[in-house]
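# Structural description and commentary
These are the residues of each chain, in order.
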Amino acid sequence: MSDQETCHLCKEDLRDPVSIPCGHIFCSICLKTYWDHADPTAPYLCPQCRVSYNKRPTPRRLGGSRYNSAPRTSESFPPPPPSPDYNYAGPQDVGCDICVGKKHKAVKSCLMCLASYCEKHLKPHYESATFKRHKLVDEIGHLDRQICPQHQKGLELFCRTDQMCICVLCTVKEHKGHDMVSAEQERSEEQQRLGNTQAEIQEKIHDRLKQMEELKQAVDSLKTSAQQAMQECEKLFGDMLRSIERMQQEMSKLISSNKRAALKNAEGHMERLTHEIADLRRRDSEITQLSRTEDHIHFIQSYHMLIAQTEAEELPTVTVNPYFSFGPVNKAVSEMKQHLNEFSNDELVKVAKTVNKMTFCQLDETKRRRTMKGDTMKGDMTRGDTMRGETLRADEAAMYRSVPMQEPQHRDDFLRYAVQLTLDSNTAYRQLYLSRGNRKAALKRDPHNYSDNPSRFDCLPQVLCKEPLSGGPFYWEVEWSGEGAAIGVTYKGIKRVGYGDTCRIGYNRKSWSLFCSDSSYSARHSKDQVEINAPYSSRIGVFLDHSGGTLSFYSVGDTMSLIHRFKASFGEALYAGFWVWYESAVTIIQV
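Residues numbered from 1 in each chain as written. Predicted model: local features only at pLDDT ≥ 70, side-chain atom pairs only at ≥ 80, totals over all residues. Heavy atoms only, no water.

## Observations concerning the overall build of the chain
When you go through the chain residue by residue, the secondary structure sums to seven helices and 24 strands. Each of the 591 residues in the chain was classed as buried or not, and the buried ones make up 30%. Counted over contacts in the chain with a minimum sequence separation of 6, partners at least 24 positions apart contribute 56%. Accessible surface, the chain: about 39,600 Å² in total, of which carbon and sulfur atoms supply 54%. (Helix = DSSP H or I, 4+ residues; strand = E, 2+ residues; numbered from the N terminus. Buried < 20%, exposed > 50% of the residue type's maximum accessible area, 1.4 Å probe, protein only. Contact = heavy atoms within 4.5 Å. Areas by Shrake-Rupley, 256 points an atom, 1.4 Å probe, with all protein chains shown as cover.)

So, in C-alpha cells, the structure goes:
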C-alpha cells in the first residue's frame, strides 16, 4: 500500500489531516464529527481498525507537502456525504474525457477522436452523421498510445523490421525501405499465432487441472493415511502403556510378596523369642526362689537339675540385617526407565528420519518452462528453477530442524533467555528522544538534531534496536506509558520513507507488533489484525523463538499471562522495534 492520500470516513482527499495513536489518518473535521456523535458512555473507537480507547485521544496534525490542506468552510460540521454514484469513474476505471469535474465512467472509446465517452457524451456518435465513419470500441485507457509520438498522427501501420506501430508519415523517412504491413494484416497473422498460443495455454490448463485433481486425490489419501496412522499409533502406544502398567503391577506384586515373606519370617522369630524369653524368666524366678531357700538338701538337688538344663540348652541367635531395604528395586526401575527413554528417543529419531525422507509431491526438474526469448532465457530460468529447488529443500530441512520449543511458564524460566537490547539512534524518528543509555524512547513536539541517515524513519514515530535476533530463543521486557505504543519485531528491510503501511511496524509482511492502548490490545501482521481483551499491563514481556517460529507477548507480573502469540516462518534476522505516540514512552528493562 502506498502512502495514505484519502480519508477513510469521507473517501475524499485528506483535508487538514490528523493522526491518532494507532497510526491511522483522517480529515480533522471528519474525525471530530465521528467522535462527537459517538456514544459517550462507550470507549472511543478508531473508525478504521476499531482499536478502543477509554478516553478520547488528542489527534495530532500532520504537516508536509504531501498533505495540502484544502480551504475550509466556515461551517462547524461538513455537509453529509452524497449518496454513492457508481457511475462515477474510480481509480481503476476509464473516465469520460468530456466530463468536467468529477468524471463518469466511459463506456466506449473512439479510435478516430482518440477519446473515451460516457453514455451521455457518446450520443453524438450515434445520432450525428459527422461521426458515422468513426470506429467505436469498448472503453480502453491510454489512448495516447494510439498516436505517433513524433508526428502526432494515428498509428495505422506496423513495421516488421523494427517491430513497432508507425503512422503514414513514418514511412517517408524513419522507416523508409522497411518491411511494413497494415496494422490489420499484422493483427490477422498475430491473431493466428495468438490462437496457437491460446491452444497451448488451454492444454496447459487442462494438464494443470489434471495435476490439481491428482494432487487433491493424493491429499485426501494423505489425510486418510495420516488419520489411520494416528489411530494405529494411538492403539500401539496404548498397548505399550498397558504393558508398562502390567510391569508396574508385577513389580508391586514382587515387592509385596517379598515384604510378606520377610514379615512372616520376622513374626516367626519374634514368637520364638517371646517363648524363649518367657522360659528364661521362669528359670530366673526359680533360681531367685532357690537362692532364698533355707533347706540345704533341696537347694543342692534343685541346683544340679537347673544347671544341667541350662548347660544342655543352646538358644539360636537371630541376626538382623541393618542394611536391608528395597533401594535396589528403585535403582533397577530407574535404570529401566533410563534405558527405555534412550531406546524410545533413538527409535523416534529413526522414525522421524524415515518419514522426513518420504516425498509427497515435488516439481519435475526434467521439464523446463519454455519461453519466447530463446535458449538464453531458458538457461536463466533453468538456473532459477534449480536455485528455487535448492531453496525449497533448504527450507524443508530447516522446517524439520525448527521444532518449536516448549515455552517457559514462570518468569524466572523466561529470564534464562534474557537479551540486553539498545535502541539505534540512526533509525529513530526525529521527534523521538532517546535516553537511559538508549533504552528509553519518548515522542516530543520539537525535533532532535539527529544527523541524516537512510536508516531513519522520516515520517513515523518509530525506532529499531541495534541487535539482530536470529536462532534464539530470546526474551526482553518493555515498560510503556501514555496514550498508546506498539511493541514488535521487523526484518531489517522494512521501508523507512513515508507514512504508508510498508513502513509501519506490524502493517506489512516484514513485521509483527502488539499495539497497546489504555483499554485494549491489538495484534497486527500484514493485513491481519486481532483485537484482544486482556487486563491492562504497563510491562510487556516478549519471547521470540526465531528457529521455532513463534513470537509471544506476555503481561508481566507475579504470573506470566499470555496476551497473544504469532506463529510464522522467520526467514532472516529480526530487530526489536517500537511505535511511540505523543506524550507516550517505551523503556527496555534490564533483566
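## Describing the confidence of the model for the chain
On average, residues of the chain score 81 in pLDDT, and 85% of them reach the 70 mark or higher. No element of the chain has a lower mean pLDDT than helix α6 (residues 374–401), which averages 41, and none a higher one than strand β14 (residues 462–464), which averages 96. Low pLDDT, under 50, characterises residues 68–84; the predicted model gives this stretch 13 contacts beyond four residues in sequence or across chains. (pLDDT = per-residue confidence, 0-100.)

## A word on the sheet that holds strand β23 (residues 574–580)
One open sheet accounts for six strands, arranged β14-β23-β16-β17-β18-β19; its pairing is antiparallel. Two strands close off the open sheet at either side, each with one partner strand: β14 and β19 (528–532). Here the strands of the sheet are splayed against their neighbours by 15° on average, with no regard to which way each runs. Sheet analysis places strand β18 (residues 521–525) next to β19, joined by five bridges and oriented antiparallel. Residue pairing in the sheet places R524 in a bridge with Q529 of β19. (Pairing = 2+ DSSP bridges. Axes fitted to C-alpha atoms, helices over the stretch in contact; angles between N-to-C directions.)

## So, helix α1 (residues 28–36)
Within α1, burial applies to S28, I29, C30, L31, T33 and W35. At its buried positions, α1 is contacted by β1 (17–19), β2 (25–27), β3 (44–45) and β5 (60–61).

## Focus on the nonpolar core
If you look at the biggest cluster of nonpolar residues, it comprises 69 residues, and the most contacted ones within it are W476, L514, I540, L551, F553 and F578. Not counting residues up to four positions away in its chain, the partners in contact with F553 are I487, G488, S513, L514, I540, G541, V542, S561, L562, I563, H564 and F566. Ranked by size, the runner-up nonpolar core spans six residues in total, among them F414, Y554, V556 and M560. (Core = buried A, V, L, I, M, F, W, Y, C linked by side-chain atoms within 4.5 Å.)

## Considering the side chain of D424
Position of D424 among the secondary structure elements: in the loop between α7 (411–414) and β12 (432–435). Of the side chains with opposite charge, K466 comes closest to the buried, unpaired D424, at an N-O distance of 5.4 Å. Here the side chain of D424 touches N426 through a polar contact of 3.0 Å, landing on its backbone nitrogen. Beyond its immediate chain neighbours, meaning those up to four positions away, D424 contacts L434, V463, L464, C465 and K466. (Lys, Arg positive; Asp, Glu negative; His and termini not counted. Salt bridge = Lys/Arg side-chain N within 4 Å of Asp/Glu carboxyl O. Polar contact = N/O pair within 3.5 Å; in protein donor to acceptor, adjacent residues only side chain to side chain.)

## Details of the sheet that holds strand β11 (residues 180–182)
The strands making up a sheet are joined through hydrogen bonds of the backbone, oriented either antiparallel or parallel. Within the open sheet, the three strands sit side by side as β10-β9-β11. Their pairing is antiparallel. Edge strands, defined here as strands with exactly one partner in the open sheet, are β10 (164–166) and β11. Sheet twist, expressed as the mean angle between neighbouring strand axes with direction ignored, is 35°. Inspection of the sheet shows strand β9 (residues 157–159) paired to β10 by three bridges, in the antiparallel sense. Counterpart to L157 in the pairing with β10 is I166. Strands β9 and β11 of the sheet are contacted by helix α3 (residues 183–292), whose axis makes an angle of about 90° with β11.

## A look at the environment of Y417
Note on placement: Y417 falls in the loop between α7 and β12. Note on Y417: relative accessible area 22%, which makes it partly exposed. Along the chain, Y417 and D545 lie 128 residues apart, while their C-alpha atoms are 10.0 Å from each other.

## Some words on the pattern of salt bridges
Under the defined criterion, the tally for this structure stands at 21 salt bridges. When the shortest N-O distance is used, the salt bridge between R61 and D16 registers 3.1 Å. Within this pair, whereas R61 is found in strand β5, its partner D16 is found in the segment before β1, the two being separated by 45 residues in sequence. Residue D16 is classed as buried on the basis of its relative accessible area, which comes to 18%. Taking the shortest distance from any N to any O, the salt bridge between D36 and K32 comes out at 2.9 Å. One end of the pair, D36, and the other, K32, are both in helix α1, four residues apart, so they sit about a helical turn from each other. Judged by relative accessible area, K32 falls into the partly exposed class, the value being 40%. Overlapping salt bridges bring together R160, E186, E189, E190 and R193 as one network.

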